[in-house]
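# Fold and geometry: a report
In case you want the letters, here they are:
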Amino acid sequence: MTTKLFRNARIVTPQDPGAPLRGADQGKVREIEGGALLCRHGLVDRVGEEAEVREAAKGTEIHEEVDLGGRCVIPGFVDPHTHLCFAARREEEFRLRLEGTPYLEILRRGGGILSSVRSVRSASDEELFETTLGNAMSALEHGTTTVEVKSGYGLDTETELRMLRVIDRLRRETPLDVAATFMGGHAVAEDYRDRPDQFVDLLCGEMIPAVAEQGIARFCDVFCEEGVFSVDQSRRILLAARAAGLELKIHADEVHDLGGAGLAAELGTVSAEHLLAASEPNLKAMAEAGVIAALLPATAYSLRKPYAPGRRMVELGVPVALATDCNPGSCFCESMPFVFGLGVMHMGFSLEEALVASTLNAAYAIGLGHRVGSLDPGKSADFLVLDGSTPAILAYHAGVNPVAEVYKRAEWVA
């Protein structure tokens, strides 16, 4: 194992206090001019001004020095909400949306999620993996070094377990750290369209126990939304998942204020995601419960909807994370720099708040804040070298990839 010194960089990183940053601290970062990173065995050992780091490293054999050319270095992006595992794109659905057809109407017609279910069920394991791999490698090139990936395009036990195996293969065969989420509660399966409570029975009685026994998924998520799962049905699914040993997430109040954010606070889920229509009382309850808001501005962009009230969430003390929501329908985007830019330009975040939301808070949203999300000693040496001198380049140089180099565990990977 080697010791490496990365030098001549402007380092900008959150500092991990052991919990996600929120409120006035949402944008708390450390900036180091003339900075250096000393990395041992793939972990950050020291970070600071170069002279300080070299002094601390006296007597240590440094196997490699890398001059980063005075460019900006930030932690690798953590994308805490994706549906990267799918088999076919849905470009025709995008055209329908542009013509004014609402997403829930497309879903009612058997499109949307149900279209992806049909394609995943008919794909071979290898076909599904190759598509997922392509999506993941594109995300890596855009600076994502840790990613959450959901199942949810199976809606039957066999296919959901198969999706989770593909997601686990992604973890084993790529440089990415991957957090797997079971989302059999993504929609009501077509065979159960007129009897959704029986589908909930299937989820709670068969799917969740099988997923827990398989041991790949860490989280369980559910789409709590009008026309999908009610608050009561979502509560039942999440409680069954908790009883089976899974941690909880929830797609909440994306289209209607159904009360999903309130349910997130009630159950103390790790995160609540989307939240475009969430009420202020329920956001306040999330703040009190410490539930992280995982906001998905590229989805609002793609659906041409108002953005989630991220600025207000910060004011209320809700810890905020940003994610791509990469999926084949409502948001085909694997670029965290694009999401960062939307957060700054359309959601009222400062550059520092968006950086924290894309790294440290995002890591806590998938239970990995102790390992990734900031350049603190003891954490994985996952970092990006930007094509610029500050994180502003991520929003300023729009429409391109401003990530020049990607390092995972101190190894160049893109």
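Before any of the text, the structure's been laid out above.
Residues numbered from 1 in each chain as written. Predicted model: local features only at pLDDT ≥ 70, side-chain atom pairs only at ≥ 80, totals over all residues. Heavy atoms only, no water.

### Details of the sheet that holds strand β11 (residues 271–274)
Read across the sheet, eight strands follow the order β6-β7-β8-β9-β10-β11-β12-β13 without closing on themselves; strand pairing throughout is parallel. Each of the sheet's edge strands pairs with one partner strand only, and the pair in question is β6 (77–79) and β13 (320–322). Shown here is a sheet whose adjacent strand axes are inclined to one another by a mean of 25°, direction ignored. Sheet topology note: the strand β12 (residues 292–295)/β13 ladder contains three bridges and is parallel. By the bridge assignment for β13, A293 is matched with V320. (Pairing = 2+ DSSP bridges. Helix = DSSP H or I, 4+ residues; strand = E, 2+ residues; numbered from the N terminus. Axes fitted to C-alpha atoms, helices over the stretch in contact; angles between N-to-C directions.)

### With respect to the nonpolar core
Judged by nonpolar contacts, the single largest core of 102 residues is most densely connected at F199, L275, M286 and L295. For this core, the element with the most residues is helix α7 (residues 196–214), which contributes nine residues. Apart from residues lying up to four places away in sequence, F199 is in contact with L155, G184, A187, V188, A189, Y192, M207 and F229. Ranked by size, the runner-up nonpolar core spans 17 residues in total, among them V66, L375, A381 and A410. (Core = buried A, V, L, I, M, F, W, Y, C linked by side-chain atoms within 4.5 Å. Buried < 20%, exposed > 50% of the residue type's maximum accessible area, 1.4 Å probe, protein only. Contact = heavy atoms within 4.5 Å.)

### Considerations on the pairing of strand β3 (residues 43–49)
Strand direction decides the pairing type here: strand β2 (residues 29–40) and β3, joined by six bridges, are antiparallel. Residue pairing in the sheet places L38 in a bridge with R46 of β3. Linkage of β2 to β3, two consecutive antiparallel strands, is achieved through a turn of two residues, within which H41 is found at a positive phi near 55°.

### A closer look at helix α9 (residues 260–267)
Of all eight residues in α9, seven are buried; the element is thus mostly enclosed. Among the residues of α9, those classed as buried are G260, A261, G262, L263, A264, A265 and L267. On its buried face, α9 sits against β9 (219–224), α8 (231–243), β10 (247–252), β11 and α10 (280–289). Downstream of α9 by a residue or two, G268 has a phi angle that is positive, lying close to 65°.

### Here's the deal with the environment of T131
In this fold, T131 is placed in helix α5 (residues 125–141). A sequence separation of 44 residues divides T131 from A87, and the C-alpha atoms of the two residues are 6.1 Å apart. Apart from residues lying up to four places away in sequence, T131 is in contact with F86 and A87.

### Observations concerning the side chain of E334
In this structure, E334 sits in the loop between β13 and α13 (336–346). No salt bridge is formed by the buried E334. Its closest oppositely charged neighbour is R89, at 6.7 Å. Within the structure, the side chain of E334 is placed 2.8 Å from the side chain of S138, a separation counted as a polar contact. Every residue in contact with E334, bar those within four places of it in the chain, is listed here: N135, S138, A139, H142, T324 and C326. (Lys, Arg positive; Asp, Glu negative; His and termini not counted. Salt bridge = Lys/Arg side-chain N within 4 Å of Asp/Glu carboxyl O. Polar contact = N/O pair within 3.5 Å; in protein donor to acceptor, adjacent residues only side chain to side chain.)

### Quick look at the packing of α5 against helix α6 (residues 157–173)
The N-to-C vectors of α5 and α6 enclose an angle of 50°; their axes lie 10 Å apart at closest approach. On the basis of the axis angle, α5 is oblique to α6. Once α5 is placed against α6, the crossing between them reads as right-handed. Contacts between α5 and α6 involve D125, E126, L128, F129, T132, L133 and A136 on the former and, on the latter, R162, M163, V166, R169, L170 and E173. By residue class, the composition of the contact of α5 with α6 is seven nonpolar, one polar and five charged. (Parallel < 35°, antiparallel > 145°, perpendicular 65-115°, else oblique. Left-handed = near helix turned anticlockwise from the far one by under 90°. Nonpolar A, V, L, I, M, F, W, Y, C, P; charged D, E, K, R; others polar.)

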